[in-house]
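What the coordinates show
Listed below are the residues making up each chain.
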Amino acid sequence: MNNNVYDAIVVGSGISGGWAAKELTEKGLKVLLLERGKNVEHVTDYKNATKAPWDYPHRGGRTWAQEQLYPKLKRDYPLNEKNLDWWVKDWESPYTESRRFDWFRGYHLGGRSLMWGRHSYRLSDYDFEANARDGIAVDWPIRYADLEPWYAHVEKHAGIQGSYENLPQLPDSVFQPAMPLNCVEEKAASNLAGAFGGKRKIIPARTANLTQALPGRAPCQFRNACWLGCPYGAYFSTQSSTLPAAVATGNLTLLTWQIVNEITYDRDTKRATGVRALDAVTGETIDFKARIVFVCASAVNSTWLLMRSATDVWPDGLGSSSGELGHNLMDHHLRVGASGRMDGFDDKDLFGRRPGGFYVPRYRNLFGDKRDYLRGFGYQGSASRQGWQRGIRELGVGAEFKDALVQPGEWRIGSSGFGEILPDHSNRVSLNHGVVDKWGFPVINFDAAMGENELAMRKDMANDFAEILEAAGAKDVHTYDNEFHPGAGIHEMGTARMGRDPKSSVLNEWNQVWDAPNVFVTDGACMTSAGCQNPSLTYMALTARAADHAVAELKRNNL
Ligand SMILES: Cc1cc2nc3c(=O)[nH]c(=O)nc-3n(C[C@H](O)[C@H](O)[C@H](O)COP(=O)(O)OP(=O)(O)OC[C@H]3O[C@@H](n4cnc5c(N)ncnc54)[C@H](O)[C@@H]3O)c2cc1C
Ligand code: SF4
């Protein structure tokens, strides 16, 4: 476009930014999509997608040298040789912690849509009404009915497989046929059906993996290697789903290597005029202009950008007038649950590698149940038959030992809870001007911790699943509670919440910044509470809804 002027600018090309680009271009807007990282070409750049462990220098694992280079990434499973290229380099983009926060990021075209676990669940009115009911934080400005058509809209295009269960706390999506439970999971589910008054259920996990082809995308081949990129386009990512749709309109301009570091603001019109970006390759600073800006850089990065956009009108950043910008950081807490052995299936083995397992929808603090904590949790798990790896820790040698390991081992079943973290004003991010990244920008400082509510919930998360397993027929059941630090759920939410009142929230019911209504923030930053469901499907629906509103408002000349 002439003089870098567009109808709309979208910042970030991950799950939320991809949806913003698709919806806005399909509605006829000329859209500039700015991505801070490199290009990742669909299929051709999935260089490890078909590699076996022996094709990697270190069999796909991690090395001592990598651990020295990646002190933050090494805190969890993301640090491994297989897709290291898609994780942020700790030394280029550092962050600081008043209290520990494990922040796992992907700065490249597609963002974490390439690496995500694809579990996709709708929120319900139990979630949208939760803050109002419990009298904490602020009320969501929307209800399930506002989002329901937009969930359906994004699900049809993204492709979500799952089973219709008719549960009020976990509304059904528009599903592709479910990936079935395996024989042991099915048996566990049927044994469980008669226990706990039917309230605790094992159902197939709902994931964004295709079981039926969509245009340009083949069904899943059951390889369970999604985090390496899918050559079939069988899981939802920006590259497989939203970007091709946006490109097909002819209305999209995509620029990679553009670090957007300021939203430019006109104090007279009280509107953003566009964004300022640093070209990470040339070092040049470029101003881009547009009538609307969609901020989709992922929760904490979107807030970083708002905070960076301080003016004398808003010295703490665009959207800071309520004093809530940067506050109410949330995640989901996990690494707690139980596992056991299932006997009686020695004549059965697994065929193929299903990218998903089972899900146990929330049942705590619902339907008359009352605990000494607020909210609840769901479980994600699977049953599988042990392979030769079970012998790695054994002190065995010799032919007999080797022959035994060639035979399949016992069936194990296990799960981890995903618990809701409450919005808490004291859990926050801020700019640390004392530390800069590779490009000279101040970094994010995290100051957040688990609260009493979450710690109390974790006891149920472990004990309940042991009860579930025993009712399901498992033997030798053990609970576990491994250490959890906020961030490790990789579901950062909050820091620019939606609300009904500009005095206590950053965004209105349409994801518009109260202080600059032509700026929309539609990623996890907008979340008013977290629910216990994996959140990305909700970002997709909120983004599509906000894009529809933005275009309608543009037509009415309101922006
Ligand atoms: C291993 C893993 C498993 C997960 N499993 C699940 C799951 O099962 N279900 C689920 O719902 N969620 C899951 N998630 C979380 C999910 O990936 C995120 O919720 C989702 O990707 C967020 O979408 P987003 O668009 O907000 O951010 P991202 O996908 O992170 O994309 C943000 C994009 O913005 C770019 N960007 C950042 N700053 C700037 C800037 N200043 N200028 C320009 N561009 C910028 C980034 O480079 C990136 O491309 C998982 C995440 C990981 C890593
Ligand atoms: S498991 Fe399915 S979706 Fe995942 S990479 Fe393989 S074919 Fe693609």
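Note that the coordinates shown come from a computational prediction; the quantities given were computed from them, not determined experimentally.

Moving on: the packing of aromatic side chains. For the coordinates displayed, the defined rule picks out 19 aromatic pairs. Pairing Trp-304 with Phe-441 gives two aromatic rings, centres 5.8 Å apart and planes at 85°, and the pair type is edge-to-face. Taken together, the residues Trp-304 in helix H8 (residues 299–308) and Phe-441 in the loop between strand E16 (428–436) and strand E17 (442–447) connect sequence positions 137 residues apart. Pair check on accessibility: Trp-304 and Phe-441 agree, each one buried. Taken together, the ring pairs in this structure connect Phe-358, Tyr-363, Phe-377, Tyr-379 and Phe-465 into an aromatic cluster. Above the plane of the ring of Phe-196 lies Arg-200, whose end atom (NZ or CZ) is 3.9 Å from the centre.

Here we come to the site of ligand 2. Taken together, Asn-209, Cys-220, Gln-221, Arg-223, Asn-224, Ala-225, Cys-226, Cys-230, Tyr-232, Ala-234, Tyr-235 and Pro-355 form the complete shell of residues around ligand 2. By residue class, the composition of the shell around ligand 2 is 8 nonpolar, 3 polar and 1 charged.

As a matter of local geometry, ligand 1 sits amid 37 residues, with Ser-16, Glu-35, Arg-112, Gly-117 and Ser-536 nearest to it. Ile-15 is positioned such that a nitrogen or oxygen atom in its backbone is 3.0 Å from an oxygen atom of ligand 1. Taking Arg-112, its side chain carries an N or O atom lying 2.8 Å from an oxygen atom of ligand 1. In isolation ligand 1 exposes 990 Å². Once the protein is present, 96% of that is buried. Every element with two or more residues in the shell around ligand 1 is listed here: helix H1 (15–26), strand E8 (258–266), H8 and helix H11 (536–555).

Looking now at H1. Taking 1.5 Å of rise per residue, 12 residues should cover 16 Å, and H1 covers 17 Å from first to last C-alpha, within 8% of that figure. In terms of residue burial, H1 counts as a mostly covered element, since 11 of its 12 residues are buried. For H1, the full list of buried residues reads Ile-15, Ser-16, Gly-17, Gly-18, Trp-19, Ala-20, Ala-21, Lys-22, Glu-23, Leu-24 and Thr-25. Backbone geometry just after H1 places Gly-28 at a positive phi near 100°.

Glancing now at the side chain of Gln-380. Along the chain, Gln-380 falls in strand E14 (residues 377–385). Leave out the neighbours within four places in its chain, and Gln-380 touches His-119, Tyr-121, Phe-358, Tyr-359, Ser-415, Ser-416, Phe-418 and Asn-534.

Our next topic: the pattern of salt bridges. In the structure shown here, the tally under the stated rule is 38 salt bridges. The shortest N-O distance in the salt bridge between Glu-492 and Arg-112 comes to 3.1 Å. One end of the pair, Glu-492, is in the loop between strand E18 (475–481) and strand E19 (512–513); the other, Arg-112, is in the loop between strand E3 (96–97) and helix H3 (125–128), and 380 residues separate them in sequence. With a relative accessible area of 23%, Arg-112 lands in the partly exposed category. For the salt bridge of Glu-324 with Arg-497, the shortest nitrogen-to-oxygen distance reads 3.7 Å. With a gap of 173 residues between them, Glu-324 in the loop between H8 and strand E11 (332–333) and Arg-497 in the loop between E18 and E19 connect regions that are remote in the sequence. The same class applies to Glu-324 as to Arg-497, namely buried.

Let us look at the UniProt feature "domain: Glucose-methanol-choline oxidoreductase C-terminal" (unreviewed entry) in the protein. UniProt's entry tags residues 423–542 with the feature "domain: Glucose-methanol-choline oxidoreductase C-terminal" (unreviewed entry), counted in the numbering of this structure. Summarising residues 423–542: 23% helix, 25% strand, and an end-to-end C-alpha distance of 19 Å.

Let us look at the pairing of strand E2 (residues 31–34). Here E2 shows a buried face lined by Val-31 and Leu-33 and a second buried face lined by Leu-32 and Leu-34. With H1 bridging strand E1 (residues 5–11) and the parallel E2, this β-α-β connection has right-handed handedness. As paired elements, E2 and strand E7 (residues 252–255) share 4 bridges and run parallel to each other. If you follow Leu-34 over to E7, its bridge partner there is Leu-255.

Turning our eyes to something else, we now look at unusual backbone geometry. At Phe-196, a residue that is not glycine, the phi angle is positive and equals roughly 55°. Along the chain, Phe-196 turns up in the loop between helix H6 (183–193) and strand E6 (203–204). Relative accessible area serves as the criterion here: at 31%, Phe-196 is assigned to the partly exposed category. Of note in the backbone geometry, Asn-365 takes a positive phi value of approximately 55° without being a glycine. Note that Asn-365 resides in the loop between strand E13 (358–360) and E14.

Angle between the axes and distance between the axes: these two values describe a pair of packed helices. Relative to each other, helix H5 (residues 144–158) and H11 sit at 110°, their axes nearing to 8 Å. When the interaxial angle is binned, H5 and H11 end up roughly perpendicular. Packed against H5, whose contacting residues are Asp-146, Leu-147, Trp-150, Tyr-151, His-153, Val-154, Glu-155 and Ala-158, the element H11 presents Leu-537, Thr-538, Met-540, Ala-541, Leu-542, Ala-544, Arg-545 and Asp-548 at the interface. Residue classes in the contact of H5 with H11 are distributed as 10 nonpolar, 2 polar and 4 charged.

Let us look at the sheet that holds E17. Ordered by their spatial adjacency, 3 strands build an open sheet running E3-E17-E16, and the pairing between neighbours is mixed. Every interior strand has two partners, whereas the edge strands, E3 and E16, have only one. Sheet analysis places E3 next to E17, joined by 2 bridges and oriented parallel. By the bridge assignment for E17, Thr-96 is matched with Asn-445.

Rules used in this analysis
Residues numbered from 1 in each chain as written. Chains lettered and ligands numbered in written order. Predicted model: local features only at pLDDT ≥ 70, side-chain atom pairs only at ≥ 80, totals over all residues. Heavy atoms only, no water. Phe/Tyr/Trp six-rings, centres within 6.5 Å; stacked < 30°, edge-to-face > 60°. Helix = DSSP H or I, 4+ residues; strand = E, 2+ residues; numbered from the N terminus. Buried < 20%, exposed > 50% of the residue type's maximum accessible area, 1.4 Å probe, protein only. Lys NZ or Arg CZ within 6 Å of the ring centre and 35° of its normal. Near = heavy atom within 4 Å. Nonpolar A, V, L, I, M, F, W, Y, C, P; charged D, E, K, R; others polar. Polar contact = N/O pair within 3.5 Å; in protein donor to acceptor, adjacent residues only side chain to side chain. Areas by Shrake-Rupley, 256 points an atom, 1.4 Å probe, with all protein chains shown as cover. Expected span 1.5 Å × (residues − 1). Contact = heavy atoms within 4.5 Å. Salt bridge = Lys/Arg side-chain N within 4 Å of Asp/Glu carboxyl O. UniProt positions renumbered as here; feature names shortened; annotations may be inferred. Right-handed = clockwise from strand over helix to strand, strands pointing away. Pairing = 2+ DSSP bridges. Axes fitted to C-alpha atoms, helices over the stretch in contact; angles between N-to-C directions. Parallel < 35°, antiparallel > 145°, perpendicular 65-115°, else oblique.

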